[in-house]
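# An overview of the molecular structure
This is what each chain is made of:
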Amino acid sequence: MSTPVKGIATRLGSLSLGLMLATSSVGAWSAEKLVIESWRNDDSKIWNDIIIPAFNQQHPDIELVFSPTPPSDYNSALQAKLQGGTAGDLITCRPFDVSLSLYTKGNLQDLSNLAGMENFSDFARSAWVTDDGKETFCLPMASVIHGFIYNKELFAELNLEVPKTESEFFKVLETIKSESRYVPLVMGTSDQWESATMGFQNIGPNYWKGEAGRRALIDGSEKLTDPQYVKVWEQMAKWGPYMGRGYEAQKYADSQNLFTLGRGVIYPAGSWDIPTFNDQADFEFAAFPPPVPDGQDSCYISDHTDIAMGINAASPNKEAARTFLTWMASKDFAELYSNQLPGFFSLSNHQIEIKDPVAQQFLGWRQDCEQTIRNSYQILSRGTPSMENELWNVSTQVLNGTLSPEDAAKQVEAGLQQWYAPHQ
Amino acid sequence: MSQPSSIQRRFPWHILFFLAPGLLIYVTFSVYPLLDTLWLGLFQEDATGQRFFAGISNYQTLLLDAAWSEPFWNALWNNTKFFIIHMLVQNPIGLFLAALLSSPRLRLSNTYRTLIFMPTMLSVVIIGFVWQLLLSPIWGISEGFLYSIGLGQYFDAWLGKESSSLITLALISVWQFVGIPMMLIYAAMLSIPDDLIDASVVDGSNAWQTFWNIKLPLILPTIGMVSILTFVANFNAFELVYAVKGALAGPNFSSDIMGTLFYRTFFGFQLQSGSITMGAAVATLMFLIILVGVMLYLFVVQRRMKRFQL
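Cut-offs used in this document
Residues numbered from 1 in each chain as written. Chains lettered and ligands numbered in written order. Predicted model: local features only at pLDDT ≥ 70, side-chain atom pairs only at ≥ 80, totals over all residues. Heavy atoms only, no water. Helix = DSSP H or I, 4+ residues; strand = E, 2+ residues; numbered from the N terminus. Rg over C-alpha atoms; globule rule 2.2 N^0.38 Å. Buried < 20%, exposed > 50% of the residue type's maximum accessible area, 1.4 Å probe, protein only. Contact = heavy atoms within 4.5 Å. Areas by Shrake-Rupley, 256 points an atom, 1.4 Å probe, with all protein chains shown as cover. Lys, Arg positive; Asp, Glu negative; His and termini not counted. Charge placed at Lys NZ, Arg CZ, Asp CG, Glu CD. Pairing = 2+ DSSP bridges. Domains from an automatic or database assignment. Buried area = accessible area lost by both parts, 1.4 Å probe. Salt bridge = Lys/Arg side-chain N within 4 Å of Asp/Glu carboxyl O. Polar contact = N/O pair within 3.5 Å; in protein donor to acceptor, adjacent residues only side chain to side chain. Core = buried A, V, L, I, M, F, W, Y, C linked by side-chain atoms within 4.5 Å. Expected span 1.5 Å × (residues − 1). Nonpolar A, V, L, I, M, F, W, Y, C, P; charged D, E, K, R; others polar. Axes fitted to C-alpha atoms, helices over the stretch in contact; angles between N-to-C directions. Parallel < 35°, antiparallel > 145°, perpendicular 65-115°, else oblique. Left-handed = near helix turned anticlockwise from the far one by under 90°. pLDDT = per-residue confidence, 0-100.

Below, the discussion takes up the overall build of chain A. When its secondary structure is counted, chain A shows 19 helices and 10 strands. A compact globule built from 424 residues should have a C-alpha radius of gyration of about 22 Å, and chain A, at 23 Å, falls within 12% of that. Principal-axis analysis of the C-alpha atoms gives chain A an extent of 70 × 50 × 35 Å. Evaluated residue by residue, chain A yields a buried proportion of 61% over its 424 residues. A fraction of 75% describes how many contacts in chain A between residues 6 or more apart in sequence connect residues 24 or more apart. Total accessible area computed for chain A in this model is approximately 16600 Å², and 51% of it derives from carbon and sulfur atoms. Distance between charge centres in chain A, computed from 32 positive and 52 negative side chains, equals 2 Å.

Mapped onto the elements, Ala157(B) comes out in the loop between α6 (142–148) and α7 (165–177). In this structure Ala157(B) comes out as buried when scored by relative accessible area, which is 3%. Each C-alpha atom, one on Ala157(B) and one on Ser136(B), is 7.0 Å from the other, the two residues being 21 residues apart in sequence. Apart from the residues within four sequence positions on either side, Ala157(B) is in contact with Gly246(A), Glu248(A), Ala249(A) and Pro137(B).

Now for the pairing of strand β4 (residues 139–151) of chain A. All names here are of chain A. Counting buried positions along β4 yields 13 of 13 residues, so the element is predominantly enclosed. Inspection of the sheet shows β4 paired to strand β8 (residues 300–311) by six bridges, in the antiparallel sense. Bridging from a neighbouring strand, Val144 pairs with His304 of β8. With two bridges joining them, β4 and strand β9 (residues 345–346) adopt antiparallel strand pairing. In the sheet register, Ala142 faces β9, and the bridge partner there is Ser346.

Turning to the domain arrangement of chain A, a few remarks are in order. Residue and element names in this part refer to chain A. Here chain A is partitioned into domain 1 (1–30), domain 2 (32–143 + 304–358) and domain 3 (144–302 + 370–423). Each of domain 2 and domain 3 has a C-alpha centre, and the two are 28 Å apart. Of the residues lining the interface, 17 residues belong to domain 2; the matching set on domain 3 comes to 19 residues. In total, domain 2 and domain 3 occlude about 1600 Å² of area from one another, counting both sides; carbon and sulfur atoms represent 63% of this. One can count two salt bridges joining domain 2 with domain 3. Of the charged contacts, one joins Arg382 and Asp97 as a salt bridge, the two residues approaching to 2.7 Å between their closest N and O atoms. For the pair domain 2 and domain 3, the interface holds six residue pairs in polar contact (both at pLDDT 80 or more).

Once that is clear, we can look at the nonpolar core. All names here are of chain A. In this structure, Leu90, Trp233, Trp239, Ile266, Phe324 and Leu325 are the most contacted members of the largest nonpolar core, which totals 139 residues. With eight residues, β4 is the largest single contributor of residues to this core. Leaving out residues up to four positions away in the same chain, Phe324 has contacts with Leu34, Ile36, Trp47, Phe55, Leu64, Leu90 and Met309.

The residue after Thr384(A), namely Pro385(A), is reached through a cis peptide bond having omega 0 degrees. Looking at the secondary structure, you find Pro385(A) in the loop between β10 (370–372) and α18 (387–400). Each neighbour pair has its own omega, and for Gly250(B) with Pro251(B) the value is -10 degrees, a cis peptide bond. Mapped onto the elements, Pro251(B) comes out in the loop between α11 (239–245) and α12 (258–267). Phi at Phe96(A) is positive, roughly 60 degrees, even though this residue is not glycine. Using a relative accessible area of 4% as the deciding quantity, one classes Phe96(A) as buried. Unusually for a residue other than glycine, Ala249(B) sits at a positive phi of about 40 degrees. Note on placement: Ala249(B) falls in the loop between α11 and α12. A relative accessible area of 0% means that Ala249(B) is categorised as buried.

Let us now look at α18(A). Residues and elements named next belong to chain A. Compared with an ideal rise of 1.5 Å per residue, which puts 14 residues at 20 Å, α18 spans 20 Å between its outermost C-alpha atoms and is within 8% of the ideal. Of all 14 residues making up α18, 14 are buried, and the element is well covered by its neighbours. Of the residues one or two after α18, Gly401 is the one with positive phi, at around 80 degrees.

Each partner contributes residues to the interface: chain B has 34 residues there, and chain A has 34 residues. Summed over both partners, the interface of chain B with chain A buries about 2800 Å², with 53% contributed by carbon and sulfur atoms. At the surface where chain B touches chain A, the tally comes to two salt bridges. Measuring nitrogen to oxygen at the nearest pair gives 2.4 Å for the salt bridge that ties Glu143(B) to Arg245(A). The tally of links between chain B and chain A comes to eight residue pairs in polar contact (both at pLDDT 80 or more). For the side of chain B that touches chain A, the secondary-structure elements that each account for two or more residues are α3 (66–101), α11 and α12 of chain B. Its residues placed into classes, the side of chain B that touches chain A shows 21 nonpolar, eight polar and five charged.

Residue and element names in this part refer to chain A. At a minimum axis distance of 8 Å, the contact between helix α12 (residues 227–237) and helix α19 (residues 405–419) shows a crossing angle of 135 degrees. Judged on the interaxial angle alone, α19 and α12 are oblique. The hand of the α12/α19 crossing is right-handed. When α12 is examined against α19, the residues Val230, Trp233, Glu234 and Ala237 are found in contact with a partner set consisting of Pro405, Glu406, Ala408, Ala409 and Val412. Classifying every residue of the contact of α12 with α19 by side-chain character gives seven nonpolar, no polar and two charged.

Examined against the element boundaries, Trp392(A) turns out to sit in helix α18. Judged by relative accessible area, which is 5%, Trp392(A) ranks as buried. Here the alpha-carbon distance between Trp392(A) and Glu174(A), two residues 218 residues apart in the chain, equals 26 Å. Contacts of Trp392(A), omitting those with residues within four sequence positions, involve Asp191(A), Gln192(A), Trp193(A), Ser195(A), Ala196(A), Leu248(B), Phe269(B) and Gln270(B).

Bringing the confidence of the model for chain B into the picture now. Low-pLDDT portions of the prediction should not be read for the details of their coordinates. For chain B, the average pLDDT comes to 91, and 97% of its residues sit at 70 or higher. The weakest mean pLDDT in chain B belongs to strand β4 (residues 272–273) of chain B at 80; the strongest belongs to α7(B) at 96.

In structure tokens form, the structure reads like this:
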């Protein structure tokens, strides 16, 4: 409540039905309107029908408008709107440098002492803090976890066990290939990002030991040409024969369709695939974490901090925006968001209950495995060539069989050497 | 004619009046943005978004720093291949179709003309989507079709292979735009007077000789124009590659052309942040390449071309 008048109005409203009409008209007269910029156009319905009404139950005096832009246009459109002074009050933050540069340009507010920020660990905030870790400029919303989703019915049909180690994994793939006509591993390389995201960043943390390796890469004590990185590409080089025919021209949507039509068995996934599969697959599916290298006891998963919310520094309604963000830091929001969008896991410390069984499985790995984020996201993609782009490119070529794992490692390392001092 | 010399010629205001609207629109929406782009390419931005004058350093980076110059030359070379394929496939086919269409013995020529021109009017996004489906190794019909004519073993995931993705994209583009050279050349052929053709027939020339000695020289200026239009359109191409392969134009940048390189530089891509000033430098180079191409054509080719008064 920003002013006492509104507070009274709201209280009266909740007291009597007769006053409802009057209150709502007062509300409309004094309402502060907040516009949310976002790239999640898939989530419009959930925001409009569930999240915003839930917020308005507690804060009827703040009007919220969810105004998404298609994901591929978001960064450039937002940039243009911020420069032109027409951007919304609340800004959905991409992780790391894209948002950091908005903050250094003065487009985002410092949120370090926002009420509710204490509910987020340093790990959760890591994608939206300055390099020295002192200032936080976006409120973390959700992370996505990588793993493999498999078709339970086909596993039963072929008598397969969920693989725990690398060699079991390839044994399962071999069985599927030799004993059935199903595609063992459903993934394509045409869009390239799956190769890096669902391939390299999915199975990699087990090799470079999660956060330890990620930090070592940033401070320069490890190089991508070190064996633990080359091994990841060596594993991926073995995937090719198990991927479907013509996987070089297979797009992300093709892969999703192949899996949900029941033509493929194992799908290297991100947890964000769960809602799509819930809608489209008429069979039971489940998930397993990336198999560990033979003989390794500890496991690591990519639990990637992906989405957050910040305040436009030029917004005239900053108080209302802070009220909203504080609400977003609450347990209510965490539960609402994680359950409405299974696969996007709240980053807050609240104990929440997730109803979707597959999302539960993904979340359960947080207990057994160490978490890390994608190693190319912090600092290392800042220069030219961007390490993320390089990873897409070389991982795709390794899967296509046109580049050897050693050369892939050399190429990415050479790219870093061109501009990043700790690797020079 | 005895004009009294004391009367001064009045300034022809009406000419200015009639030119003004077009000139104004052209200057605001073409000349000004172009000059602004050229100017913007000379600046750089620091981390806080402050712009400062940097002279030609953007161009030095772009042409001399390996991290930038390799993608640049790669894109330029790919773009050249894209253009060569259009020149070797699209324009000869357009000429051939125009020659067929203008044959008086062909029935339903209007229907063919409309059908062949149809893809040109469709959105590139639709073309990209349709061809991806046709060529898809999973859902596509191309494989079955090739098997039915006994060439099944040659089928491959053409759009996904480093060696074939650019050629495939270029051929899709040829398929879409072949209607334009066809229409232009067809119109030029229709304007050839019948008595010329009749005279050649009377003189005993066969169909091939008529085409080679009479029609071709007369439509040569049109073919020149078609070539320069193809050149400009190809070096500005972007949509098809973006729609089919995305901005990273893979695999291994094998389908990267100037348009996609510009897009990545200007708008950024994934974690690569965009640079407006560097983007302007790439756009300027694209402009210069097209300018040089058009100049070469105007001063070297067009001046030597013979034109015949019909």
